[in-house]
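# Survey of secondary and tertiary structure
Chain residues, written in single-letter form:
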Amino acid sequence: MPELLTYVLIALAVAALLGVVLEEVTHVNKAKVTLFFGTLAWLLLFIFAPAGEVRETVLESLNENIAEIAGLWIFLVAAMTFVAYLNKKGMIENLIYLVLPQRISERALLFLTATFCFVFSSLADNITATLVSITLILSLQLDRAKTIKFATLVVFAVNSGGVALITGDVTTLMIFLAGKVAILQLLVLAVPAFIAVMVLAAMLSIGMHGEVVVQAHRKDVRGVDVAIALIFLCTILGTIIGNFLFQIPPVLTFLAGLSVMFLVARFFSDDNDSDPILEYVRQVEFETLFFFLGILLLVGMLKEVRVLDGLVHIYDQVPAVMANYLMGVMSAAIDNVPLTAALLKSGLQMGVAEWMVLTYAVGVGGSLLVIGSAAGIVAMSKVPGLTFGSYLRHMLYLFIAFNIGFAGVYLIGLSIG
């Protein structure tokens with residue numbers, strides 16, 4: 001490969017990263033930016049690769065990259081379709097109002113919100129979990145300062161809940177699919193992650209003494225909706241058990257669960273022209289999926305031109321746990337998906353404890369800044385007064401909670417490893 005081409009490809013990757021970071025300034029969707037630069041980079045690789053063995057190597061690398069992306073895509077489409085259906089039918093909203101009392105203190109509501117966000121984000125994607133939680137908070141009509149406190153907690157809790165299950169966070173799924181951490185080892189992350197969320201809730205609750213009146217807005221529940229909710233939960237449990245006992249790939253289990261969902265809807269005569277069950281596939285966040293596609297194409301390209309070898313050098317200079325900590329802090333400014341993909345593609349060798357720490361660090365580290373995660377961006381777009389500066393006022397609390405979770409994960413990882 002020409003040396004000039006390597007520099008051009010690196011420049012394309014940097015341009016894509018800047019497009020992601022400056023999305024709020026340029027108003028160009030990050031999915032469009034990353035997909036453009038990702039495909040352009042591979043086109044240049046093929047054009048300038050000498051015919052013969054070198055070009056065949058590039059083709060093999062692309063096929064390998066596409067296969068990995070396809071597995072990730074199919075899994076996410078299946079999981080997101082379940083959530084889209086349950087959200088549209090009001091099952092999630094009903095669950096919230098079933099748990100919430102009509103009158104509750106602001107402090108108790110803060111802890112209840114933290115618990116709900118943590119659990120729900122383990123099952124659903126971060127964006128859906130954030131939207132549902134923020135909608136609930138805004139309906140309570142709290143004053144601006146308290147609303148910002150709740151929104152800050154939502155961002156941290158949503159990101160924390162996602163690290164323990166492969167359905168909750170893409171970076172967790174990526175690390176699991178790479179074979180770095182077993183599915184039951186990931187589940188253990190829930191303990192220190194939840195403790196960190198509760199610590200943050202306790203710190204944010206200081207000075208909150210008011211009471212909130214909750215206006216319930218429940219929707220009618222149908223038998224088919226309950227059945228599909230149970231199928232979703234059984235699919236998650238089946239994924240964990242099937243992978244542990246028989247090494248069944250999660251994507252296969254979720255596709256099986258999705259097929260059962262389609263058949264059950266037909267059995268209940270709910271799959272008709274007015275509300276076809278397949279239409280819920282269209283409600284999946286394809287914008288998010290195309291962003292992942294572009295990012296993973298770019299990272300695969302960087303691996304092909306051996307740029308990622310330099311990333312491992314950080315781990316040569318400092319202990320792995322410290323390097324992972326730095327990666328977590330960096331994920332507050334750099335999107336955690338490309339960061340995680342780059343580390344996985346670099347051939348980094350670590351023990352189970354270190355990979356568990358990295359899973360937590362890149363999953364929760366984005367919460368340190370409001371722009372560091374999809375949950376933060378969504379919250380900022382929905383909550384009046386939630387800006388980079390207002391979120392930064394709670395930086396000390398967020399930093400303390402992140403460190404508590406990080407330390408807890410490391411200690412548990414050592415005992416498991």
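Not measured: the values here are computed from a predicted model.

Analysis parameters
Residues numbered from 1 in each chain as written. Predicted model: local features only at pLDDT ≥ 70, side-chain atom pairs only at ≥ 80, totals over all residues. Heavy atoms only, no water. Helix = DSSP H or I, 4+ residues; strand = E, 2+ residues; numbered from the N terminus. Rg over C-alpha atoms; globule rule 2.2 N^0.38 Å. Buried < 20%, exposed > 50% of the residue type's maximum accessible area, 1.4 Å probe, protein only. Contact = heavy atoms within 4.5 Å. Areas by Shrake-Rupley, 256 points an atom, 1.4 Å probe, with all protein chains shown as cover. Expected span 1.5 Å × (residues − 1). Polar contact = N/O pair within 3.5 Å; in protein donor to acceptor, adjacent residues only side chain to side chain. 1 Å grid on protein atoms, 1.4 Å probe; cavity = no way out; pocket = protein on both sides within 12 Å on 5 of 7 lines; lining within 4 Å. Points joined across faces, edges and corners; volume = space filled by probe spheres on them. Phe/Tyr/Trp six-rings, centres within 6.5 Å; stacked < 30°, edge-to-face > 60°. Lys NZ or Arg CZ within 6 Å of the ring centre and 35° of its normal. Core = buried A, V, L, I, M, F, W, Y, C linked by side-chain atoms within 4.5 Å. Patch = residues over 30% accessible without salt bridge, like charges linked within 9 Å, V, L, I, M, F, W, Y side chains within 5 Å. Salt bridge = Lys/Arg side-chain N within 4 Å of Asp/Glu carboxyl O. Axes fitted to C-alpha atoms, helices over the stretch in contact; angles between N-to-C directions. Parallel < 35°, antiparallel > 145°, perpendicular 65-115°, else oblique. Left-handed = near helix turned anticlockwise from the far one by under 90°. pLDDT = per-residue confidence, 0-100.

A separate point is the overall build of the protein. Within the protein one finds 21 helices and two strands. Relative to the 2.2 N^0.38 estimate, which gives 22 Å for 417 residues, the radius of gyration of the protein is 22 Å and therefore close to what a compact globule would have. Split into buried and exposed, the 417 residues of the protein put 53% on the buried side. In the protein, the proportion of contacts linking residues at least 24 apart, taken out of those at least 6 apart, comes to 80%. Surface summary for the protein: the accessible area is close to 18,300 Å², and the carbon and sulfur share equals 67%.

Compared with an ideal rise of 1.5 Å per residue, which puts 18 residues at 26 Å, helix α8 (residues 144-161) spans 25 Å between its outermost C-alpha atoms and is within 8% of the ideal. Two or three places before Ala-145, at the opening of α8, Asp-143 has a side-chain oxygen 3.1 Å from that residue's backbone nitrogen.

Three or more residues of helix α5 (residues 91-99) are buried, namely Met-91, Ile-92, Asn-94, Ile-96 and Tyr-97. Looking at the buried positions of α5, the neighbouring elements they touch are α4 (53-88), α6 (106-123), α7 (126-139) and α12 (223-246).

The next subject is the environment of Ile-231. Mapped onto the elements of the fold, Ile-231 is located in helix α12. Residue classification places Ile-231 among the buried residues on the basis of a relative accessible area of 11%. Each C-alpha atom of the pair Ile-231 and Val-318 lies 46 Å from the other, and the pair is 87 residues apart in sequence.

In this structure, the largest pocket spans a volume of roughly 700 Å³. Around the largest pocket, the lining comprises 38 residues; the ones closest to its centre are Lys-30, Ile-127, Thr-288, Phe-292 and Ala-374. Those elements that place two or more of their residues in the lining of the largest pocket are α2 (23-26), α4, α7, α14 (286-304), α17 (336-345), α18 (352-364) and α19 (374-382). With five residues, the single largest contributor to the lining of the largest pocket is α4.

All right, on to the packing of aromatic side chains then. One pass over the full model with this rule turns up twelve aromatic pairs. Ring geometry for Tyr-325 versus Phe-406: centroids 5.1 Å apart, planes at 85°, classification edge-to-face. Of this pair, Tyr-325 sits in helix α16 (residues 320-330) while Phe-406 sits in helix α21 (residues 395-416), and the two are 81 residues apart along the sequence. Taken together, the aromatic side chains of Tyr-325, Tyr-360, Phe-402 and Phe-406 make up a single cluster linked through ring pairs. The ring centre of Phe-291 lies 4.5 Å from the NZ or CZ of Lys-30, which sits over that ring.

Leaving glycine aside, a negative phi is the common case for residues, and trans is the common case for peptide bonds. If you check the backbone angles, His-27 has positive phi at about 60° while not being a glycine. The residue His-27 is located in the loop between α2 and α3 (30-48) in this model. With phi around 65°, Arg-306 is a residue other than glycine that occupies positive phi space. Within the secondary structure, Arg-306 is located in the loop between α14 and α15 (309-317).

Glancing now at the nonpolar core. Leu-9, Phe-156, Met-301, Tyr-360 and Phe-402 are the most contacted members of the largest nonpolar core, which totals 146 residues. The element that contributes the greatest number of residues to this core is α4, accounting for 14 residues. The contact partners of Tyr-360, leaving out residues within four places of it in the chain, are Phe-156, Val-163, Ala-193, Ala-196, Gly-365, Ala-401, Phe-402, Gly-405, Phe-406 and Val-409.

So, about a nonpolar patch on the surface. On the surface, Leu-184, Leu-187, Leu-237, Ile-241, Phe-244, Leu-245 and Phe-246 cluster together into a nonpolar patch covering about 690 Å² of accessible area. With five residues, α12 is the single largest residue contributor to the nonpolar patch.

A few words now on the packing of α18 against α21. Where α18 meets α21, the closest approach of the two axes is 8 Å, and the angle between their N-to-C directions is 160°. Relative to α21, the element α18 is oriented roughly antiparallel. Of the two possible hands of crossing, α18 and α21 adopt the one that is right-handed. Contact with α18, carried on its side by Ala-353, Met-356, Val-357, Tyr-360, Ala-361 and Val-364, involves Ala-401, Phe-402, Gly-405, Phe-406, Val-409, Tyr-410, Ile-412, Gly-413, Leu-414 and Ile-416 of α21 and no other residues of that element.

Another aspect to go through is the pattern of salt bridges. Scanning the entire structure with this criterion turns up five salt bridges. For Lys-345, the salt bridge identified is with Glu-68, shortest N-O distance 2.7 Å. You can see Lys-345 sitting in helix α17 and its partner Glu-68 sitting in helix α4, a full 277 residues away along the chain. A relative accessible area of 15% places Lys-345 in the buried class. Between Arg-103 and Glu-211 there is a salt bridge, with its nearest N and O atoms 2.9 Å apart. One end of the pair, Arg-103, is in strand β1 (residues 103-105); the other, Glu-211, is in strand β2 (residues 211-213), and 108 residues separate them in sequence.

The next point concerns the confidence of the model for the protein. Overall, the prediction assigns the protein a mean pLDDT of 87, with 97% of residues at 70 or greater. Mean pLDDT per element in the protein: α2 is the minimum at 76, and helix α11 (residues 190-204) is the maximum at 96.

The topology assignment puts Met-327 in helix α16. Between the C-alpha atom of Met-327 and that of Thr-340, which follows or precedes it by 13 residues, the distance is 8.8 Å.

Attention now moves to the side chain of Asn-29. Here Asn-29 lies in the loop between α2 and α3. Taking the relative accessible area as the measure of exposure, Asn-29 reaches 18% and is therefore buried. Engagement of the side chain of Asn-29 in a polar contact is seen with the backbone nitrogen of Ala-31, the distance being 2.7 Å. Look past the residues within four positions of Asn-29 in its chain and what remains in contact with it is Glu-23 and Glu-287.

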